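Next come the chains, spelled out residue by residue.
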Amino acid sequence: MKPKNNKLKTKVVIIGGGPSGLLLSQILTKENVENIILESRSRDYVLNRIRAGVIEHGSMELLLESGVGNRLLSEGSKHSGFLISSENNEFRIDLNLASGKSVYVYGQTEITLDLYKALDQSGTEIFHEVKNISINDIRTKNPQVNFETSEKVYQISCDYVAGCDGSKGISKNFIPKEKLSFQEKNYPYKWLGILSKSKPVHKELIYANHERGFALASMRNENLSRYYLQTNNNEDISAWPDERIWDELKKRLPSKFSSNIQMGNSVEKSITPLRSIVVEPMQWERLFLAGDAAHIMPPTGAKGLNLAFSDIYYLSNSLIDFYRTGSTSTLEKYSERALSRVWQTVRFSHWMTNLLHTTDEKKSVERQFQLLELQELSINLAAKKALAESYVGTPY
Ligand code: RFL
Ligand code: PHB
């Protein structure tokens, strides 16, 4: 029998220790707003999850202000453009068209590590491998969060709860169903990702539109490449040995790049379905949702992590404002402010996904429209500028 009811008290309980939860904790801790993180996985598992790589200008600034951006600036690489190819021809999107801004290539894994180091230094409490979280009394001034570890059963009383537990998290289940709307779109393809110890094929990212399907050549550093391939929804990772992936990448990237591709061993391989989901509202009483817990989108625009960070910007500011002034007026506006940026970003990710992926019907009207739009984008400066502005991220 586990000992019962170890009682704790804090201001904000953060459910989920991914990038959203860790960054929220870091910003609150810097402002002396006490908080506790509850994470269902082990620290090692969280630190080894390979995900995002492209960091918007605003995310870089937010990380710097939060005291965790120095390594991003010294070890990440600044990218002022990327290539789009259509069959064998490519053109460049100059990100400087967006008021001179750039993006940074720096792995989500590294950001998570930087955040853990900062939180260790400040002594923030993080419980790992927690189970059976329940949120109670969320409509009162004194919500309670119950959970278990392998040794003990805990109860934390707090002022607010932040649900930062990703798309499969449990926080949103504590909002009455009739209060929530889920808007969902599933795409008819998946992304197969491979991380390989090899020199990237080009110094900038290449988004490749090809009749065989979309491909993306990305990187983590000059010795670590990250590639993605569009696959059918019914495909399994076991059907994709490394050789087949390299073969397919060579076919989909323009020949001047694919002839240089270095085929290193894969360090990680994964397959992800593509979906857009928006949960509204992002607040109910004293429970706030942020990051993937509230929205996910296809990774084509490199937006998920960046959008999670803009939520955290709004949420942390609102909480800090409450603890400074006692007024809940900015907290009450959180959901509306966050959602306006969410919808813009989900729309952009959807547009970029449709522009670059192909369906089985190669001669369809959609394919003709797509090729025309790519051709237009390759020559139209206003269209390039609009894409650059969305890609570096709208200000918040
Ligand atoms: P996360 O990262 O899912 O973290 C949620 C955390 O909550 C924990 N958790 C729980 N904890 C306690 N109790 C429970 N019941 C829990 N259930 C879950 C989980 O273990 C986890 O630690 O959500 P967060 O923090 O909101 O961060 C979001 C980002 O991870 C995500 O949006 C990005 O990775 C998306 N994404 C990209 N975003 C970008 O901005 N740029 C990119 O280049 C980019 N590339 C990508 C991506 C996502 C990808 N996949 C795998 C979906 C590329 C890919 C392939
Ligand atoms: C990545 O490097 O993981 C990456 C880059 C750009 C994207 C998505 C993922 O659009």
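Just so it is clear, the structure is predicted and the values come from calculations on it, not from any experiment.

The rules behind the values
- Residues numbered from 1 in each chain as written.
- Chains lettered and ligands numbered in written order.
- Predicted model: local features only at pLDDT ≥ 70, side-chain atom pairs only at ≥ 80, totals over all residues.
- Heavy atoms only, no water.
- Helix = DSSP H or I, 4+ residues; strand = E, 2+ residues; numbered from the N terminus.
- Rg over C-alpha atoms; globule rule 2.2 N^0.38 Å.
- Contact = heavy atoms within 4.5 Å.
- Areas by Shrake-Rupley, 256 points an atom, 1.4 Å probe, with all protein chains shown as cover.
- Near = heavy atom within 4 Å.
- Polar contact = N/O pair within 3.5 Å; in protein donor to acceptor, adjacent residues only side chain to side chain.
- Domains from an automatic or database assignment.
- Buried < 20%, exposed > 50% of the residue type's maximum accessible area, 1.4 Å probe, protein only.
- Nonpolar A, V, L, I, M, F, W, Y, C, P; charged D, E, K, R; others polar.
- Axes fitted to C-alpha atoms, helices over the stretch in contact; angles between N-to-C directions.
- Parallel < 35°, antiparallel > 145°, perpendicular 65-115°, else oblique.
- Left-handed = near helix turned anticlockwise from the far one by under 90°.
- Buried area = accessible area lost by both parts, 1.4 Å probe.
- Salt bridge = Lys/Arg side-chain N within 4 Å of Asp/Glu carboxyl O.
- 1 Å grid on protein atoms, 1.4 Å probe; cavity = no way out; pocket = protein on both sides within 12 Å on 5 of 7 lines; lining within 4 Å.
- Points joined across faces, edges and corners; volume = space filled by probe spheres on them.

All right, on to the overall build of the chain then. Scanning the chain from terminus to terminus reveals 11 helices and 21 strands. Relative to a compact globule of 396 residues, whose C-alpha radius of gyration would be 21 Å, the chain shows 22 Å and is just as compact. A separation of at least 24 residues holds for 72% of the contacts in the chain among residues at least 6 apart in sequence. Total accessible area on the chain stands at roughly 17,800 Å², and carbon and sulfur atoms take up 47% of it.

The environment of ligand 2 is formed by 14 residues, the closest being Y207, S218, R220, Y228 and P299. Contact between ligand 2 and Y228: an oxygen atom at 2.7 Å from a side-chain N or O atom of the residue. Interatomic distance of 3.1 Å between a backbone N/O atom of T300 and an oxygen atom of ligand 2. Look at ligand 2: alone it shows 280 Å² of surface, and the protein chains cover 97% of it. Every element with two or more residues in the shell around ligand 2 is listed here: β16 (215-221) and β17 (224-232). Element by element, the count of residues in the shell around ligand 2 is highest for β16, at 3 residues. Taken domain by domain, the makeup of the shell around ligand 2 includes at least three residues from each of domain 1 (4-78 + 104-183 + 276-351) and domain 2 (186-274 + 360-392).

Let us now look at the environment of G100. Its location among the elements puts G100 in the loop between β7 (89-94) and β8 (103-105). Classification of G100 as partly exposed rests on a relative accessible area of 47%. For the pair formed by G100 and E243, sequence separation is 143 residues and the distance between their alpha carbons is 40 Å.

Around ligand 1 sit 32 residues in total, of which S20, E39, R49, D292 and L305 are the nearest. Between ligand 1 and V54, the relevant distance is 3.4 Å, taken from an oxygen atom to a main-chain nitrogen or oxygen of the residue. Within the contact set of ligand 1, an oxygen atom lies 3.1 Å away from a backbone nitrogen or oxygen of A302. Bound to the protein, ligand 1 loses 87% of the 1,000 Å² it would expose on its own. Elements with a contribution of two residues or more to the shell around ligand 1: α1 (19-30) and α8 (304-325). Residues that form the shell around ligand 1 fall into these classes: 12 nonpolar, 13 polar and 7 charged.

Interaxial distance between helix α9 (residues 329-356) and helix α11 (residues 381-392) falls to 11 Å at its minimum, and their mutual angle equals 125 degrees. Taken together, the axis directions place α9 and α11 in an arrangement best described as oblique. Crossing angle aside, the handedness with which α9 passes α11 is left-handed. Residue-level inspection shows F348, W351 and M352 of α9 in contact with α11, the latter providing L387, S390 and Y391. When grouped by side-chain class, the residues that make up the contact of α9 with α11 number 5 nonpolar, 1 polar and no charged.

Our next topic: the domain arrangement of the chain. For the chain, the assigned domains read domain 1 (4-78 + 104-183 + 276-351) and domain 2 (186-274 + 360-392). Inter-centroid distance (C-alpha atoms) of domain 1 to domain 2 is 30 Å. In this assembly, 19 residues from domain 1 lie in contact with 18 residues from domain 2. For the pair domain 1 and domain 2, the summed buried area comes to about 1,600 Å², and 63% of that belongs to carbon and sulfur atoms. Summed over the shared surface of domain 1 and domain 2, the result is 0 salt bridges. Along the contact surface separating domain 1 from domain 2 lie 7 residue pairs in polar contact (both at pLDDT 80 or more). For the side of domain 1 that touches domain 2, the residue count by class is 9 nonpolar, 7 polar and 3 charged.

Attention shifts here to unusual backbone geometry. Cis peptide bonds are those with omega within 30 degrees of zero, and the linkage from E280 to P281 qualifies with -10 degrees. Inspection of the secondary structure puts P281 in the loop between β18 (266-280) and β19 (283-284). The phi angle at S99 is positive, at roughly 45 degrees, despite the residue not being glycine. The topology assignment puts S99 in the loop between β7 and β8. A positive phi angle, close to 50 degrees, is found at N132, a residue other than glycine.

Bringing empty space enclosed by the protein into the picture now. Empty space among the atoms can be located by rolling a probe the size of a water molecule over them. One pass over the structure, following the stated rule, counts 1 cavity of 30 Å³ or more. As a volume, the largest cavity reaches approximately 40 Å³. The wall of the largest cavity is formed by P19, V46, R49, R51, Q108, T109 and T112. The element best represented in the lining of the largest cavity is helix α5 (residues 108-122), accounting for 3 residues.

This brings us to the packing of α8 against α9. One can describe the packing of α8 onto α9 by two numbers: an axis separation of 9 Å at closest approach and a directional angle of 165 degrees. Our classification of the angle between α8 and α9 gives roughly antiparallel. Along this stretch, α8 crosses α9, giving a crossing that reads as right-handed. Each of N306, L307, S310, D311, Y314, L315, S318, L319, D321 and F322 in α8 lies in contact with α9, whose residues at this interface are T330, L331, Y334, R337, A338, R341, V342 and T345.

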